[in-house]
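Analysis of the macromolecular model
Okay, here's what each chain looks like letter by letter:
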Amino acid sequence: MRRLEPKPVARIWGGSGLGFGPGIGEVWLAEAPLLVKLLDPADWLSVQVHPPHEYALRVEGKPGKYEAWYVLSPGELVYGLARPVSREELRERALAGTLEEVLRRVRVEPGQVLYLPAGTIHALGPGVRVYEVQTPSDLTYRLYDYGRPRELHLEKALDVAILEPTPLTLPPPEPVLGGERLLSTPFFDLLRYPLAGKLWVRAEGPTLLTLLEGEARLKEEVLRPPATLLLEPGEEAVFRGEGLWLAALAKEGA
């Protein structure tokens, strides 16, 4: 297995809750086979949407983006639309600054999981720290950015946006050896492993393991958050200590 080094990234909306100094909105924990990050917004992120693979390959020449959030701190975020809208209404509202009137605001709590398939309009709210797993793509189309002087991608966003409410509920977690599968998608799975004394993990496929809470010992090495390991298919790890691990399992086509 391989230990990965965290990469702090400053953002215009960044907070100071990730332990890497003020203004650090993201800490990139892994870039392959999946992109895994911690996000800490002090302000609203842009209202944005990601393209599906088919559109992204045709228009951008590279794959699209699908992602999920594991909530670390409570707050409010945008998840899709509150009601169906037309493409023209969405365009007019984005230009007029009235987009928020049709967005679905959701209150979230720690431990909650949200899947954001391509096309889902979304935005993180202030103080909502999340663990984010996504296909390794940087394609983001901004619909609205709260007056900040950054590029918008209105027409492309309108091309791919889902124009009706997106279902929020997920199936219940599935038990797995040592933990539970919180989410299964065509591109990745998200698993949670509580560490209470001893934990054995065997990777079904390429797996990124991140320690979110507590302290873990791997052989003679002491690990603390946000320690991240890459396990190749079939590799095993035995941890001792107390804490909580999240695992992002990459699937073929991610």
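Keep in mind that what you see is a predicted model, and the values were worked out from it rather than measured. (Residues numbered from 1 in each chain as written. Predicted model: local features only at pLDDT ≥ 70, side-chain atom pairs only at ≥ 80, totals over all residues. Heavy atoms only, no water.)

1. Points about the overall build of the protein
Of regular secondary structure, the protein possesses three helices and 19 strands. Taking 254 residues into account, the globule formula puts the C-alpha radius of gyration at 18 Å, and the protein, at 18 Å, falls close to it. Taking all 254 residues of the protein together, 53% fall into the buried category. Within the protein, contacts between residues at least 6 apart in sequence are counted, and of these 71% link residues at least 24 apart. Of the accessible surface of the protein, which amounts to about 11200 Å², a share of 52% is contributed by carbon and sulfur atoms. Side chains of the protein give 29 positive and 35 negative charges; the mean places of these two sets differ by 2 Å. (Helix = DSSP H or I, 4+ residues; strand = E, 2+ residues; numbered from the N terminus. Rg over C-alpha atoms; globule rule 2.2 N^0.38 Å. Buried < 20%, exposed > 50% of the residue type's maximum accessible area, 1.4 Å probe, protein only. Contact = heavy atoms within 4.5 Å. Areas by Shrake-Rupley, 256 points an atom, 1.4 Å probe, with all protein chains shown as cover. Lys, Arg positive; Asp, Glu negative; His and termini not counted. Charge placed at Lys NZ, Arg CZ, Asp CG, Glu CD.)

2. Observations regarding helix H2 (residues 87–96)
Within H2 the residues assigned to the buried category are Glu89, Leu90, Arg91, Arg93 and Ala94. Against strand E7 (75–81), strand E12 (141–144) and helix H3 (154–160) lie the buried residues of H2. Looking one or two places after H2, you find glycine 97, whose phi comes out positive at around 80°.

3. Remarks on the nonpolar core
Of all hydrophobic cores here, the largest spans 29 residues; its most connected members are Val36, Tyr70 and Tyr131. Both of domain 1 (44–159) and domain 2 (174–250) provide at least three residues apiece to this core. Listed in part, the 22 residues of the second largest apolar core include Val47, Leu99, Val102 and Ala161. (Core = buried A, V, L, I, M, F, W, Y, C linked by side-chain atoms within 4.5 Å. Domains from an automatic or database assignment.)

4. Considerations on the environment of tyrosine 115
Structurally, tyrosine 115 is set in strand E9 (residues 113–116). For tyrosine 115, a relative accessible area of 16% puts it in the buried group. Setting aside its immediate chain neighbours within four residues, tyrosine 115 contacts Tyr66, Glu67, Ala68, Tyr79, Leu170, Leu183, Thr185, Pro186, Phe187 and Phe188.

5. Here's the deal with the side chain of arginine 142
In this structure, arginine 142 sits in strand E12. One buried charged residue, arginine 142, remains without a salt bridge, the closest side chain of opposite sign being aspartate 145 at 4.7 Å. At 2.8 Å, the side chain of arginine 142 forms a polar contact with the backbone oxygen of glutamate 151. Those residues in contact with arginine 142 that lie beyond four places of it in its chain are Ser46, Val47, Gln48, Arg150, Glu151, Leu152, His153 and Leu154. (Salt bridge = Lys/Arg side-chain N within 4 Å of Asp/Glu carboxyl O. Polar contact = N/O pair within 3.5 Å; in protein donor to acceptor, adjacent residues only side chain to side chain.)

6. Points about the domain arrangement of the protein
Here the protein is described as being made up of domain 1 (44–159) and domain 2 (174–250). Distance between the C-alpha centres of domain 1 and domain 2: 28 Å. Of the residues lining the interface, 13 residues belong to domain 1; the matching set on domain 2 comes to 15 residues. Counting the surface lost from both domain 1 and domain 2, the interface buries some 1100 Å², and carbon and sulfur atoms represent 84% of this. (Buried area = accessible area lost by both parts, 1.4 Å probe.)

7. Quick look at the environment of serine 16
By the element assignment, serine 16 lies in the loop between strand E2 (7–10) and strand E3 (24–30). Owing to a relative accessible area of 54%, serine 16 belongs among the exposed residues under this scheme. With 154 residues separating them along the chain, serine 16 and leucine 170 place their C-alpha atoms 31 Å apart. The contacts of serine 16, once residues within four sequence positions are left out, are Gly21, Pro22 and Asp40.

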